[in-house]
Amino acid sequence: MAPSATPFPVYEHPWVVRFAHWTNASAITVLTLSGLRIFGAFPSFGPKIPQHDLIEAVPDAITLGGWLGGALQWHFTFMWVFAGGGLLYVVGQLASGHYRTVVFTKRDVMGVWPVARHYFFFGPKPAATGTYNPLQKLAYTTVILLGGLLLLTGMVMYKPAQLSSLGLLFGGYHGARVVHFLAMCGILAFIPGHLVMVALHGWDNFVSIFTGWKRHPEYAPLEKEQ
Amino acid sequence: MDPRVTRRELLKLSPVLLLGAFAVPVLRDRLIEAGVAWSDAASGAIFRPRHLAPMFADGDVVPFERFPYNGYDVLEPVIDFDRWALTVGGAVRRSGRYMLDQIRALPKVTQNTRHICVEGWDAIGRFGGARLSDFLDLVGADPRARFITVSCADDYYESLDMATVRQPQSLLCYEMYDRPLDRGHGAPLRLQLPTKLGYKQAKYLMTLDVTDILPAKRSYWGDQGYSWHGGL
């Protein structure tokens, strides 16, 4: 037990959060791999003629589906898993009020730098004030917004005629395709940082995303969470 | 921590394990088939028959030479243009062969619309032709029929839901860029459907049938794994 830890276990992740975490992690994996295969069919954001590819070939090892049609089948199946998991998460968090632990607000702005300094430059460790520190809140809130952006731009690319009004937000089919790709890059940038942090924070923390309960938290559990 | 509590909390996650079915090949094929069928059903359900796909100013149209030719096999299949006619059958009152002049005599629509390929590229082009719905009225198509099927001079074939066929931008297209269709783009007649992906817009049309039942061979690319609906 770390010296700052409390002896009480806390129920850190409600069922909805854990369930959505694992469905969305699965969906994001499938959608990224199949999406890269789809991108490989036309790896460009320019015109068809003349075609300027951004990459010679997307390596097979990071794709799913075998060919464009197969990749689209995976994508058109798991987009529903992702949409369902995302919706469940947002509705569950709003209904329970648990979103307050994760949403990045104005009050968190000043707290980001001390945490970043601690992790990246070995500065002093800021005192834990809640379930998530300000840098975590910033990262999680960003990823949730990126997920929403991926859904919206995906809908525009899937139905550019039916959803032409929504498409205007992103500059039509073309713009949606660019934003969709960039949002995926954003999520891909988050994942390694997330995994490193999980590895650094040990077994008790890791177990909590399965059972919800965290032993020896670094912060005192709130009354209502006990 | 009480291990019973831990176990109960873990059990709540067990539905996620259902996703593991995607790792079993037999189940995977069925699940993905169901996923694609569900997506197609949703595509049909959200299709708005009177909603127009975006149209563009003349200045947004790509130059003709930069509008891609895209064929699955040959761009110039053998067609006897002098004797060409569209053979119409199925649930219609006036089946038979329809000459290009009869199709040209229908009200002409010219539209600048975005052509989107399943591969991800797109190009805004200028197309001219007769509304499919006008042509169906001309041949006396059964208004309750659910589909049309078409076959092509190059062994390509396709089928379409009637809601899309009757959408006002869905054309029997005989012109591109104010000139008769050239061979690579599907002369003498092709489908031009701004609410469908490119592979649904069959070229080199030879036959058109109105039907309630889709044949086993329903869509050249759809039969190989692309979405049958292919709607935008």
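Attention in this report is confined to the structure presented alongside it. The numbers attached to residues start from 1 for each chain and follow its sequence in the written order. Each chain is given a letter, starting from A, and each ligand a number, starting from 1, according to the order in which they appear as written. Where totals are concerned, whole chains, interfaces and linings use all residues; where local detail is concerned, this predicted model gives features only for residues with pLDDT of at least 70, and gives and counts side-chain atom pairs only at 80 or more.

## Quick notes on helix 2 (residues 68-96) of chain A
Since the α-helix advances by 3.6 residues per turn, residues separated by three or four positions end up pointing in the same direction.
All names here are of chain A.
Move 1: Secondary structure follows DSSP: runs of H or I at least 4 residues long count as helices, runs of E at least 2 residues long count as strands, and numbering of each begins at the N terminus. Each residue after the first adds 1.5 Å to the expected span of a helix. Here helix 2 is 29 residues long and its end C-alpha atoms lie 41 Å apart, about the 42 Å a rise of 1.5 Å per residue gives.
Move 2: Note that the bend at a residue is defined as the angle between axes fitted to the seven residues ending at it and the seven residues starting at it. In the structure, helix 2 departs most strongly from a straight axis at Phe78, where the bend amounts to approximately 25 degrees.
Move 3: Two residues or fewer after helix 2 comes Gly97, characterised by a positive phi angle close to 80 degrees.

## Section: unusual backbone geometry
Move 1: Cis geometry marks the peptide bond from Ile49 of chain A to Pro50 of chain A; its omega dihedral reads -10 degrees.
Move 2: Position of Pro50 of chain A among the secondary structure elements: in the loop between helix 1 (15-41) and helix 2.
Move 3: Here Ala187 of chain B and Pro188 of chain B are connected by a cis peptide whose omega angle stands at 0 degrees.
Move 4: Looking at the secondary structure, you find Pro188 of chain B in the loop between strand 8 (179-180) and strand 9 (190-192).
Move 5: Even without a glycine there, the phi angle at Phe122 of chain A is positive, about 55 degrees.

## Quick word on the pairing of strand 1 (residues 86-90) of chain B
Residues and elements named next belong to chain B.
Move 1: Examined bridge by bridge, strand 1 and strand 2 (residues 96-98) share three bridges and lie antiparallel to one another. For Leu86, the partnering residue across the bridge sits in strand 2 and is Tyr98.
Move 2: Hairpin connection between strand 1 and strand 2: a loop of five residues separates the two successive antiparallel strands.
Move 3: Only strands that DSSP links by at least two bridges are regarded as paired with each other. In terms of strand pairing, strand 1 meets strand 10 (residues 205-211) through four bridges, oriented parallel. Bridge pairing in strand 10 places Gly89 opposite Asp209.

## What about the packing of helix 2 of chain A against helix 2 (residues 25-46) of chain B?
Move 1: It is at 8 Å that the axes of helix 2 of chain A and helix 2 of chain B come closest, and there the two elements cross at 75 degrees. One finds that helix 2 of chain A runs roughly perpendicular with respect to helix 2 of chain B. Together, Gln73, Trp74, Phe76, Thr77 and Trp80 of chain A of helix 2 of chain A and Leu31, Ile32, Gly35, Val36, Trp38 and Ser39 of chain B of helix 2 of chain B make up the contact between the two elements.
Move 2: The residue classification treats Ala, Val, Leu, Ile, Met, Phe, Trp, Tyr, Cys and Pro as nonpolar and Asp, Glu, Lys and Arg as charged. All others, Gly included, are polar. Split into classes, the residues belonging to the contact of helix 2 of chain A with helix 2 of chain B amount to seven nonpolar, four polar and no charged. Angles shown run from 0 to 180 degrees and are taken between the N-to-C directions of axes, each axis being a line fitted to C-alpha atoms and, for helices, limited to the stretch in contact. In what follows, roughly perpendicular refers to angles from 65 to 115 degrees, roughly parallel to angles under 35, roughly antiparallel to angles over 145, and oblique to any angle outside these ranges. We call two residues in contact if the C-beta atoms placed from their backbones are at most 7 Å apart.

## Let's talk about the sheet that holds strand 10 of chain B
All names here are of chain B.
Move 1: Spatial strand order, 2-1-10-5-6: five strands in an open sheet with mixed pairing. A single partner strand is all that each edge strand has here, and the edge strands are strand 2 and strand 6 (157-161). If you compare each strand with its neighbour and ignore which way they point, the axes differ by 25 degrees on average.

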